[in-house]
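If you want the building blocks of each chain, they are given just below.
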Amino acid sequence: MEFTLTARSKRRLATAKNTAEAADERSEKGVSAQDGAIQKSQRLIRAFPPDGSAINLTTLANRAGLAKSTAHRTLGILVDTGVAVRTEDGYRLGSRMFELAQSVARAMQNADLRDRLLPYLLDLYERTHETVYMGILRHDEVLCSQVLYDRRGPSTPLRQGQAAPAAETAAGHALLAYSPAFHQRPGRGCRHVNDTVTWSKLFHVRRIGIAVAHAGGLADVIEIAAPVLDANRYAVCAFTVSAPRQRLDVGPTAELVRRVTDAASRELRCARRQRA
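Residues numbered from 1 in each chain as written. Predicted model: local features only at pLDDT ≥ 70, side-chain atom pairs only at ≥ 80, totals over all residues. Heavy atoms only, no water.

Undergrad: Is there a simple way to explain the side chain of Thr169 in this structure?
TA: Along the chain, Thr169 turns up in the loop between strand S5 (163–165) and helix H5 (170–177). Under the relative-accessibility criterion, Thr169 is labelled buried at 3%. Side-chain polar atoms of Thr169 contact the backbone nitrogen of Gly172, separated by 2.9 Å. (Helix = DSSP H or I, 4+ residues; strand = E, 2+ residues; numbered from the N terminus. Buried < 20%, exposed > 50% of the residue type's maximum accessible area, 1.4 Å probe, protein only. Polar contact = N/O pair within 3.5 Å; in protein donor to acceptor, adjacent residues only side chain to side chain.)

If you want it as structure tokens, here you go:
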């Protein structure tokens, strides 16, 4: 039996097709409009003075090659998001823009640091065959820049790109003990850096050059960390060996971590002298 559409069904099918095509067209127009708004925002941002000074609307619109009304609407979005700030003299780039620039600069510095020191982290892994990672101090956290481990899996709860409270890691203790903030510590009446770390603990880390702690509060996993220092003896990062308590001989491992980070520190200072 041959199936045929009635005239009414054909009309419904044509209507549905036209509706779908109209929706696709509206969607494409929306995407195009969104792309246009992004491009206009980029043109305005590039038109701002690089020294951070203010600029009036007319000059900014002319530099960006936009109509004054379009520039005004787009600037309203930039002001709402903190990228630009309205001033008595016009507009200037906001703090959000500088934060983004600083974040990009830090990311590039961290990548360069990781690439330069990775051979030393690999050497530490080859000598221990335990989980090792490079940590960088970020405010009150340790950011895991690189982690290496074997088929047994990582002993640390940290994964590459993740962060943990500095107070809960050996890397955090080592980084805090060799940070500029250590030299700005308060008077003798203040015993605690925060709820869990005391100044006396950081003094001990500086005295022996090594920090030992449980990994993320895990009682059966030990971390041993030492800092990589710059020419001013401030920590730029820390190397950590993390392993179950029964597999880790603390004394020899601590000495090994110290030797590797000392060599990494010399490499870093030598490279910076050559660039200077």
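Alright, that's what it looks like, and here's the rest.
Undergrad: What should I look at first to understand the packing of aromatic side chains in this one?
TA: By convention here, two paired aromatic rings are described through the distance between centres and the angle between planes. In this structure the tally under the stated criterion is zero aromatic pairs. A cation over an aromatic ring shows up here: Arg206 above the ring of Tyr178, its NZ or CZ 4.7 Å from the ring centre. (Phe/Tyr/Trp six-rings, centres within 6.5 Å; stacked < 30°, edge-to-face > 60°. Lys NZ or Arg CZ within 6 Å of the ring centre and 35° of its normal.)

Undergrad: In this structure, what is going on with the layout of surface pockets? I would like to understand it.
TA: One simple way to see leftover space: roll a probe sized like a water molecule over the atoms. Approximately 150 Å³ is the volume attributed to the second largest pocket. Secondary-structure elements contributing two or more residues to the lining of the second largest pocket are strand S7 (218–229) and helix H8 (250–275). Top contributing element to the lining of the second largest pocket by residue count: H8, with five residues. When the residues that make up the lining of the second largest pocket are grouped by side-chain class, the tally is four nonpolar, three polar and four charged. (1 Å grid on protein atoms, 1.4 Å probe; cavity = no way out; pocket = protein on both sides within 12 Å on 5 of 7 lines; lining within 4 Å. Points joined across faces, edges and corners; volume = space filled by probe spheres on them. Nonpolar A, V, L, I, M, F, W, Y, C, P; charged D, E, K, R; others polar.)

Undergrad: Would you explain unusual backbone geometry in this entry?
TA: Most peptide bonds take the trans form, and the phi angle of most residues other than glycine is negative. Phi at His129 takes a positive value of approximately 55°, unusual for a residue other than glycine. Secondary-structure assignment places His129 in the loop between helix H4 (95–128) and strand S3 (131–138).

Undergrad: For this particular structure, what's the right way to read the packing of H5 against helix H7 (residues 199–208)?
TA: Packed helices, taken two at a time, are described by the angle their axes make and the gap between the axes. H7 packs onto H5 with a crossing angle of 85° between their chain directions and a minimal axis gap of 9 Å. Judged by the angle between their axes, H5 and H7 are roughly perpendicular. Contact residues: H5 offers His173, Ala174, Leu176 and Ala177, while H7 offers Lys201, Leu202, Val205 and Arg206. Class assignment for the residues of the contact of H5 with H7 results in five nonpolar, one polar and two charged. (Axes fitted to C-alpha atoms, helices over the stretch in contact; angles between N-to-C directions. Parallel < 35°, antiparallel > 145°, perpendicular 65-115°, else oblique. Contact = heavy atoms within 4.5 Å.)

Undergrad: Looking at this structure, how should I read the pattern of salt bridges?
TA: When the charged atoms of two side chains with opposite charge come close together, those side chains can pair. Following the criterion strictly, the structure yields seven salt bridges and no others. The partner of Glu267 in a salt bridge is Arg116, with the nearest N and O atoms 3.2 Å apart. In this pair, Glu267 sits in helix H8 while Arg116 sits in helix H4, placing the two residues 151 residues apart along the sequence. (Salt bridge = Lys/Arg side-chain N within 4 Å of Asp/Glu carboxyl O.)

Undergrad: Quick question: what am I supposed to make of the nonpolar core here?
TA: If you look at soluble globular proteins, the nonpolar side chains tend to sit buried side by side. Of all hydrophobic cores here, the largest spans 26 residues; its most connected members are Leu117, Leu124, Val228, Cys237 and Phe239. Listed by contribution, the elements that provide at least two residues to this core are H4, S3, S7, strand S8 (235–244) and H8. With six residues, the single largest contributor to this core is H8. (Core = buried A, V, L, I, M, F, W, Y, C linked by side-chain atoms within 4.5 Å.)

Undergrad: Explain the environment of Gly209 here, please?
TA: Its location among the elements puts Gly209 in the loop between H7 and strand S6 (211–215). Looking at Gly209, the relative accessible area reads 14%, which means it is buried. Sequence separation between Gly209 and Ala225 is 16 residues, and the spatial gap between their C-alpha atoms is 8.8 Å.

Undergrad: Got a minute to help me understand the pairing of S3 in this structure?
TA: Successive side chains on a regular strand alternate, one facing one side of the sheet and the next facing the other. Of all eight residues that make up S3, six are buried, and the element is covered over most of its length. Relative to S8, S3 runs antiparallel, the two sharing five bridges. In the sheet register, Gly135 faces S8, and the bridge partner there is Ala238. Two elements, S3 and strand S4 (residues 141–148), share seven bridges in a ladder whose sense is antiparallel. Considered in S4, the bridge of Tyr133 is made with Val147. Taken together, S3 and the strand that follows it, S4, pair antiparallel across an intervening segment of two residues, in which His139 is found at a positive phi of about 60°. (Pairing = 2+ DSSP bridges.)

Undergrad: I tried to follow the environment of His129 on my own but got confused; where do I start?
TA: You can call His129 partly exposed: its relative accessible area is 38%. Contacts of His129, omitting those with residues within four sequence positions, involve Asp150 and Arg152. At 3.2 Å, the side chain of His129 forms a polar contact with the backbone oxygen of Glu126.

Undergrad: Please clarify how H5 should be interpreted in this entry.
TA: Every α-helical turn comprises 3.6 residues, leaving residues that sit three or four positions apart pointing alike. Buried residues dominate H5, accounting for eight of its eight residues. Buried residues of H5: Ala170, Ala171, Gly172, His173, Ala174, Leu175, Leu176 and Ala177, and no others.

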